[in-house]
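Geometric and topological summary
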Amino acid sequence: MKTALVGIGKIAVDQHVPAIADSAEWELAATVSRHGSVDGVEAFTDMGKMLQARPDIRVVSLCLPPVPRFAYAMQALEAGRHVMLEKPPGATLAECHALDAAARAAGLTLYATWHSRHADMVGAAKSWLSDKMLRALRVTWKEDVRRWHPGQAWIWEPGGLGVFDPGINALSIVTEILPAQIHVTGATLEVPSNCQTPIAAEIAFHHPDGADVSAVFDWRQQGDQTWEIEAVTDSGTLTLRDGGAVMEVDGTVSGQAAPLGGEYPRLYAQMAQLVTTGGIDMDLRPLTLVTDALALGRRVATDPFED
Ligand code: NAP
């Protein structure tokens, strides 16, 4: 299948281009980006021109930041193309619902990807938790924003999500592995005085069985980086580490630390499957938790952020 990659920036270069190159199912047939390109691949700077010039490309994969993504996604759907969305699938829930409706009306595939759900041990964690009674779950997602998002101004602008940009990855795992649905009951958001989005957040959730569920996200972490989910149950404790690559259950460790290892090849395999079967996969639960945390969160001003 031929795909066009749109928004040639950090994640496109780091993950999408190699995942497509290594796949027997996919061919990178064009790029659309105002500044970026990929060696040996036809490059466009305008989405409309690519859609018009390349009717043979049936799939468009969008790697833009969330705010500009909707217009590009709708343009692709209106041109009859299947669409794959980087996370988060949009800046708001309403625009995601609009894309979903447009894809359904046109009989096209739409895939809201959540790469962290494809980390090596997430499936095993889901299976282990499926017959346990949850007592408590604690998410700790602490990383250095300067290391992972150098010079990215959009993350501090409205719709850029701030620390929820990585935090939503944790929430995509939590919503995948927990059998029960959770929702946000409160949050504290630390917002740098010169930014529009939080640099740190504490979130409390309601769990239907009364389990104590909470999350702490922090973008000011120096040294070791922490991407961990600990679930305490009636029959043992499960810890997912390294963003879901490693799992520990009562002292037994499985998996190897490899950030993002295998996640993007699995996303493209899933997209191929969805296109073949005419499926739509728009699970909006992680984005719902984030928008609710932003709606309910008490904002606390903190030190200005300088990149
Ligand atoms: P990025 O490098 O800052 O941006 C990607 C590209 O999007 C840019 O190079 C730019 O290309 C284009 N772009 C930016 N603003 C635009 C605008 N207003 N209108 C049109 N195009 C625009 O961001 P990224 O880190 O790749 O992240 C992109 C998405 O991937 C985000 O939703 C993020 O959450 C997700 N993601 C990122 C990572 C990561 O490690 N960085 C990991 C997983 C997922 P041109 O200037 O050439 O048009």
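Residues numbered from 1 in each chain as written. Predicted model: local features only at pLDDT ≥ 70, side-chain atom pairs only at ≥ 80, totals over all residues. Heavy atoms only, no water.

1. Quick word on the state of the cysteines
If you walk through the whole model with that rule in mind, you get 0 disulfides. Residue cysteine 63 stays outside any disulfide, its sulfur separated by 16 Å from that of cysteine 96, the closest cysteine. Residue cysteine 63 is classed as buried on the basis of its relative accessible area, which comes to 9%. Taking relative accessible area as the criterion, cysteine 96 reaches 0% and is therefore assigned buried. (Disulfide = S-S within 2.5 Å. Buried < 20%, exposed > 50% of the residue type's maximum accessible area, 1.4 Å probe, protein only.)

2. Focus: helix α9 (residues 285-296)
For an α-helix the count is 3.6 residues per turn, leaving residues at separations of three or four pointing the same way. Its 12 residues place the ends of α9 16 Å apart at the C-alpha level, agreeing with the 16 Å of an ideal helix rising 1.5 Å per residue. If you check which residues of α9 are buried, you get Pro286, Leu287, Leu289, Val290 and Ala293. The arc that holds every buried residue of α9, seen down its axis, measures 160 degrees, which confines them to one face. (Helix = DSSP H or I, 4+ residues; strand = E, 2+ residues; numbered from the N terminus. Expected span 1.5 Å × (residues − 1). Arc of directions from axis to C-beta.)

3. A closer look at the domain arrangement of the protein
Taken as a whole, the protein is organised into domain 1 (2-112) and domain 2 (118-256 + 291-302). For domain 1 versus domain 2, the distance between C-alpha centres works out to 27 Å. Taken together, the contact pairs 9 residues of domain 1 with 11 residues of domain 2. Counting each side, the surface lost to burial between domain 1 and domain 2 is near 780 Å², with a carbon and sulfur contribution of 63%. For aspartate 165, the salt bridge identified is with lysine 87, shortest N-O distance 3.5 Å. Between domain 1 and domain 2 we count 2 residue pairs in polar contact (both at pLDDT 80 or more) in total. Of the residues contributing to the side of domain 1 that touches domain 2, the split by class is 7 nonpolar, no polar and 2 charged. (Domains from an automatic or database assignment. Contact = heavy atoms within 4.5 Å. Buried area = accessible area lost by both parts, 1.4 Å probe. Salt bridge = Lys/Arg side-chain N within 4 Å of Asp/Glu carboxyl O. Polar contact = N/O pair within 3.5 Å; in protein donor to acceptor, adjacent residues only side chain to side chain. Nonpolar A, V, L, I, M, F, W, Y, C, P; charged D, E, K, R; others polar.)

4. Some remarks on the site of the ligand
Surrounding the ligand, one finds 24 residues, the nearest of these being Ser33, Arg34, His35, Arg69 and Asp165. In the model, an oxygen atom of the ligand is placed 3.3 Å from a nitrogen or oxygen of the isoleucine 8 main chain. Within the backbone of glycine 36, one N or O atom sits 3.0 Å away from an oxygen atom of the ligand. Relative to its free-state accessible area of 880 Å², the ligand is covered by the protein chains to the extent of 83%. Contributing elements (two or more residues each) for the shell around the ligand: α1 (10-21) and α3 (66-78). No other element matches the 4 residues that α3 contributes to the shell around the ligand. When grouped by side-chain class, the residues that make up the shell around the ligand number 11 nonpolar, 7 polar and 6 charged. When residues of the shell around the ligand are assigned to domains, at least three map to each of domain 1 (2-112) and domain 2 (118-256 + 291-302). (Near = heavy atom within 4 Å. Areas by Shrake-Rupley, 256 points an atom, 1.4 Å probe, with all protein chains shown as cover.)

5. So, the UniProt feature "domain: Gfo/Idh/MocA-like oxidoreductase N-terminal" (unreviewed entry) in the protein
As recorded in UniProt, the sites labelled "domain: Gfo/Idh/MocA-like oxidoreductase N-terminal" (unreviewed entry) are residues 2-111. Annotated as 42% helix and 22% strand, the span residues 2-111 places its first and last C-alpha atoms 16 Å apart. (UniProt positions renumbered as here; feature names shortened; annotations may be inferred.)

6. Digging into the packing of aromatic side chains
Applying the stated criterion across every chain, the model contains 5 aromatic pairs. The rings of Trp156, Trp219 and Phe305 are connected pair by pair, giving a single aromatic cluster. Note that lysine 132 overlies the ring of tryptophan 128, its terminal NZ or CZ placed 4.2 Å from the centroid. (Phe/Tyr/Trp six-rings, centres within 6.5 Å; stacked < 30°, edge-to-face > 60°. Lys NZ or Arg CZ within 6 Å of the ring centre and 35° of its normal.)

7. Looking at the nonpolar core
Counting residues in each nonpolar core, the largest one holds 79 residues, and the members touching the most others are Met50, Phe164, Ile203 and Phe217. In terms of residues, this core owes the most to one element, helix α7 (residues 164-177), which gives 7 residues. Composition of this core by domain shows at least three residues from each of domain 1 (2-112) and domain 2 (118-256 + 291-302). When neighbours within four sequence positions are excluded, isoleucine 203 is seen to be in contact with Phe164, Val184, Gly186, Ala187, Val213, Ser214, Ala215, Phe217 and Ala293. Among the nonpolar cores identified, the runner-up in size contains 21 residues, and Leu5, Val17, Val41 and Val59 belong to it. (Core = buried A, V, L, I, M, F, W, Y, C linked by side-chain atoms within 4.5 Å.)

8. Topic: the environment of threonine 237
Residue position: threonine 237 is located in strand β12 (residues 236-241). Excluding its chain neighbours within four sequence positions, the residues that come into contact with threonine 237 are Trp128, Glu230, Ala231, Val232, Glu248, Val249 and Asp250.

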